[in-house]
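# A closer look at the structure
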Amino acid sequence: MDIFGWIQLALYMLVLAALTKTLGLYLMRVLDGDGRHFLARVFGPLEGVLYRMLRVDPNAEQSWRGYAVSMLMFSVVSCVFTYIILRTQQWLPLNPQNLGPLSQHLAFNTAVSFTTNTNWQSYGGESTLSYFAQMVGLTLHNFVSAAVGIAIAAALVRGIARHSAATIGNFWTDLVRINLYVLLPICFGYALFLVSQGMIQNFQPYLQAGDAQTIAQGPMASQVAIKMLGTNGGGFVNANASHPYENPTPLSNFLQMLSIFAIPSALTYYLGRMVKSQAHGWAVWGAMATLFLLGVFVAWNAEAAGNPRMHAMGVEATGNMEGKEVRFGVFNSALFATITTAASCGAVNSMHDSFTPIGGLVPMLNMQLGEVVFGGVGAGLYGMLLFVVLTVFMAGLMVGRTPEYLGKKIEGFDVKVCVLALVVLIFPLLGFTAWAAVSEWGTSSLNNAGPHGLSEMLYAFSSGVGNNGSAFAGLNANTPMWNTALGLAMLAGRFLMILPLLALAGNLAKKKVVPASGGTFPVTGATFAGLLVSVVLIVGALTYLPALSLGPILEHFLMTHSSVAF
């Protein structure tokens, strides 16, 4: 753990904090402002055309049920659209390698994966997908699935901010404005920057280096920009952000890590502005930052310490470099792994399967917490707000008062839907893992036995349910059962959480605001942030402790205190 790592971590947090206010203010203007921002003149006419094409009135707001139905309809149609492209790519343009169609189970898994903003990949992109499938099928989904997450977060924040209201916004308006005014313009400049760093952007056929090597080409910069900004993570090539085409320089690596957290962090400032309590927004940010830094320190320390088995053999090394790019090293690998799993991104610049047991536990636990440590675009905020409501409820019980959150009483219905949204994720995650662990279809895909093999399966379903997309690479998931099971896990992780969450938004919106009193629990400051961190760890971490004890924790003790192979 050298001084250069500490300096870079401090710089990262300073730049992130500075971006939070700037981007948060802009999100406020786009999502709930008067429409007077500098891009409105550029894209305003196109916005009107899109509303006419969709046949929607942008000013007609929806109830939570209408919002949910619109979101589900859009997700189903876009998922089917992507599935058709993947099954017919051999007949579509921009396929210079003449790649064939994906199998039914792989096309299902991939279409669901990109619809749910998971971007799990049971395939190698450069050897499986045409340029048309990469751009129209997947990159398009990177934009719209990210926009859906931000829209859901905005709907919940409106439910908290409004009172005596029957609506929480218009899904179609949110979807269009987020894409036109946030994702597209930022990604345009971001992609140009990546090209300046050496990332390719072309439609050329693959190149041959002699008879032994094929060098992939393609429109990579455009996909990488949105895969990071939209916390998607699906790489153009199999090696993802460890490949020099997808992540060519230390500067591109830093900017990619920063872009993963940019919108999730800014949404906390948007929350503060909407509820007219900026201190509350910063308290939520502080809780997220605390959990993030704890994860970084644990993963970095574990990877810097390395493997004692190797040290006992007289092999001296500067930490555990297995599965890591030499140009990034231990710190940037541990930092990237923590960021990408704290957010629901899933992009990787190192192989998490090669981390030490505790180093690998951190990204797994980040996903199991619900990826609320900044989290995915939108998903991190709305996941953390569920824990905020639970924290307020528990604080109310401790002082013997009806719990209140920003002037609204938290009642039985609110607590029930919060618990439902959190508990509903446990069953597919642990249930599918248990099924895989005792089934031939599950164990036959493993390259490792014992606790590490269990970790590979647990990580896969944590990634699927958490809509992350990263993987312990020792698992061959491209089989009919694995693709189907992971596809179902992704659907459960995305939509079984969103529906009760929107119900919470609708219920909060119609409540009246009650004046604060001496017994009102403050939701600002270090005390609240500390309590929120505690609730996240208690509710989230302890749920999965038994499974983690049989996987990475057991593997750690075998590595450090046993002569048994692991």
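The sections below set out a description of the structure shown in this document. Predicted, not measured: the structure shown is a model, and the values here were computed from it.

Now for the nonpolar core. In globular proteins that are soluble, nonpolar side chains generally tend to be buried together. In this structure, Tyr12, Leu183, Phe261, Ile263, Phe292, Met384 and Trp482 are the most contacted members of the largest nonpolar core, which totals 168 residues. Looking at which element gives the most residues to this core, the answer is helix H6 (residues 131–161), with 15 residues. The contacts of Phe261, once residues within four sequence positions are left out, are Tyr12, Leu16, Phe292, Ile339, Ala342, Ala343, Val373 and Phe374. Membership of the second largest hydrophobic core comes to 11 residues, among which are Ile85, Leu106, Phe132 and Leu138.

Moving on, we get to the pattern of salt bridges. Tallied over the full model, the rule gives 10 salt bridges. With a shortest N-O distance of 2.6 Å, Glu61 and Arg162 are connected by a salt bridge. Of the two residues, Glu61 is situated in the loop between helix H2 (40–54) and helix H3 (64–87) and Arg162 in the loop between H6 and helix H7 (171–196); the sequence distance between them amounts to 101 residues. By relative accessible area, which is 21% here, Arg162 ends up partly exposed. Between Arg158 and Asp174 there is a salt bridge; the shortest N-O distance is 2.8 Å.

Here the focus is H6. For H6, with 31 residues, the first-to-last C-alpha span of 43 Å sits near the 45 Å given by 1.5 Å per residue. A maximum bend of about 25 degrees is found in H6 at His141. When you tally the buried positions in H6, you get 27 out of 31 residues, the bulk of the element.

Now for the packing of aromatic side chains. Applying the stated criterion to the full structure yields 28 aromatic pairs. For the pair Phe74 and Trp172, a centre-to-centre distance of 6.1 Å together with 85 degrees between the ring planes defines the contact as edge-to-face. Of this pair, Phe74 sits in helix H3 while Trp172 sits in helix H7, and the two are 98 residues apart along the sequence. Residues Tyr131 and Phe236 carry aromatic rings whose centres are separated by 6.3 Å and whose planes lie at 40 degrees to one another, so their mutual orientation is tilted. With Tyr131 in helix H6 and Phe236 in the loop between helix H8 (220–229) and helix H9 (250–274), this pair connects stretches of sequence that are 105 residues apart. The same class applies to Tyr131 and to Phe236, which are both buried. By the ring-pair criterion, three or more aromatic residues cluster together here, those being Tyr12, Phe254, Phe261, Tyr269, Trp282, Trp285, Phe292 and Phe374.

Rules used throughout
Residues numbered from 1 in each chain as written. Predicted model: local features only at pLDDT ≥ 70, side-chain atom pairs only at ≥ 80, totals over all residues. Heavy atoms only, no water. Core = buried A, V, L, I, M, F, W, Y, C linked by side-chain atoms within 4.5 Å. Buried < 20%, exposed > 50% of the residue type's maximum accessible area, 1.4 Å probe, protein only. Helix = DSSP H or I, 4+ residues; strand = E, 2+ residues; numbered from the N terminus. Contact = heavy atoms within 4.5 Å. Salt bridge = Lys/Arg side-chain N within 4 Å of Asp/Glu carboxyl O. Expected span 1.5 Å × (residues − 1). Bend = angle between axes of the 7 residues up to and from the residue. Phe/Tyr/Trp six-rings, centres within 6.5 Å; stacked < 30°, edge-to-face > 60°.

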